[in-house]
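Residue-level structure breakdown
Listed below, chain by chain, are the residues.
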Amino acid sequence: MPRPFASASATAARKDYTVPETPTAIRPAPRARVKAMKEYHPPLGCRDALRLDFNENTLACSPKVREALSRISTGDLTRYPEREPVEATVAAHLGLAEAQVALTNGVDEAIHVLFEAFLEDGDELLLPVPTYTMYEVYASATDARTVAVQAAPDLQFPFERLLAAITHRTKIIAIANPNSPSGSVAARAQILEVAARAPNAVVLIDEAYFHFHGETVLDLIGIVPNLVVARTFSKAYGLAGLRLGMLAGPVDLMRWVRRVLSPYSVNSLALTCLPAALDDQAYLDWYAGEVLAARSEFEAALDAARVRRWPTHANFVLVDIGPRHAEFARRMREAGVLVRDRSSDPGCDGCVRITIGTRQQMRQAITALNETLAALRAAGEAQ
Ligand SMILES: Cc1ncc(COP(=O)(O)O)c(C=O)c1O
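Residues numbered from 1 in each chain as written. Predicted model: local features only at pLDDT ≥ 70, side-chain atom pairs only at ≥ 80, totals over all residues. Heavy atoms only, no water.

1. Topic: the pattern of salt bridges
Between side chains of opposite charge, pairing is possible as soon as their charged atoms come close. What the rule picks out here adds up to 21 salt bridges. One salt bridge connects Asp123 with Lys171, and the closest N-O pair in it is separated by 3.0 Å. On the criterion of sequence distance, the pair formed by Asp123 in the loop between helix H6 (106-118) and strand S3 (124-129) and Lys171 in strand S5 (residues 170-176) is long-range, its members being 48 residues apart. In this structure Asp123 comes out as buried when scored by relative accessible area, which is 11%. Among the ionic pairs, Arg197 bridges to Glu193, the shortest N-O distance being 2.9 Å. With Arg197 and Glu193 both in helix H9 (residues 188-197) and four residues apart, this pair spans about one turn of that helix. Using a relative accessible area of 46% as the deciding quantity, one classes Arg197 as partly exposed. Relative accessible area serves as the criterion here: at 31%, Glu193 is assigned to the partly exposed category. (Salt bridge = Lys/Arg side-chain N within 4 Å of Asp/Glu carboxyl O. Helix = DSSP H or I, 4+ residues; strand = E, 2+ residues; numbered from the N terminus. Buried < 20%, exposed > 50% of the residue type's maximum accessible area, 1.4 Å probe, protein only.)

2. Examining the sheet that holds strand S7 (residues 227-232)
Across the sheet, seven strands lie side by side as S2-S8-S7-S6-S5-S3-S4; this open sheet has mixed pairing. Bordering the open sheet on either side are strand S2 (101-104) and strand S4 (145-150), each of which pairs with just one other strand. Going from strand to strand, the sheet's axes swing by 20° on average, the running direction of each strand aside. Sheet topology places S7 next to strand S8 (residues 245-248); four bridges connect them, and they run antiparallel. Each bridged residue has a counterpart across the sheet, and for Val229 the counterpart in S8 is Ala248. Together, S2, strand S6 (202-206), S7 and S8 form the strand contacts of helix H11 (residues 251-260), whose direction differs from that of S2 by roughly 30°. (Pairing = 2+ DSSP bridges. Axes fitted to C-alpha atoms, helices over the stretch in contact; angles between N-to-C directions. Contact = heavy atoms within 4.5 Å.)

3. Things to note about the packing of aromatic side chains
What the rule picks out here adds up to eight aromatic pairs. Judged by centre distance (5.6 Å) and plane angle (85°), the ring pair of Tyr132 and Tyr135 falls under edge-to-face. Among the aromatic residues, ring-to-ring pairing joins Phe212, Tyr283, Trp286 and Tyr287 into one connected group. The side chain of Arg340 reaches across the aromatic face of Phe54, ending 4.5 Å from its centre. (Phe/Tyr/Trp six-rings, centres within 6.5 Å; stacked < 30°, edge-to-face > 60°. Lys NZ or Arg CZ within 6 Å of the ring centre and 35° of its normal.)

See below:
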């Protein structure tokens, strides 16, 4: 039997190589911007717990995706993935032209390549905050400046403030719609106004949570010349582990995005599963409907427990726990339910974000919530 990995022993290689004697202070230096970046470590999950801390689908992907996975051949694994035919399928599914759509390794890669393609020294990224963390992370690796536009305490989309912050330097405006962690939305007319007032900027509308909201501006792709839309398969579709996202935009803008996009960043397993996922609209509709029903029940439970919450259009809800937010998240974890402490987000002091799953799962969450609140209140710890 051939032993493919047996020949080159790491120990043998190490013997052949003499480490040059250089002062330890001499090391290859990263770019100054990278040095200044903060490390980002998402919290690790806990396999047995109910995971309501990442806004994922909490149940499963479509059974059709599982079937597609079982048909993966050895050839699919040995060959480099071919993205273009699947991009054509996705474009047709969304009523767009193939050249208007790029598949990416999650929306995170879409954000990354868009920023790489457009942001340079002297440019500004306009960011209504609080919002999704990765916009700032990827912007901080470029030479552009991030201009945060703080939402009012109601955490609604800061439309007027955003318009007022647009300058000739504004190069990208990133709007998550619905937004995370607030769950708030920007209206179509507001998005159109922002795009019209910033003709030199790319307006990114991140519709990661579209399936729970139902409103989109995807139909304006190619009509509004500076509008791009991102969608993910990580949320309602239940494919976060496959890392699949997409960016849609006018052909002339997508050309530049494609220059920096790796041709192979979407792997064969993801490409095989995607048409099957698109094919099962009934499953997607059922899951979104289940989440909306669970959300109503959960909101009623929050109200009954006198927990302040923000109105939400997504599969999560932001709640105000007060000074004991970290303790709350820890106790919920002990009760088997993971939630996300968002207290350090701008304007979110004391806040925790809770993903909405199925009604059954949220009943478990309600029990944990009530027990946790009772324990905190008994200890005089809650608001
Ligand atoms: C607004 C928003 N955009 C994008 C993402 C990431 O999507 P993906 O898993 O496709 O990278 C998230 C994940 O939480 C999100 O909240």
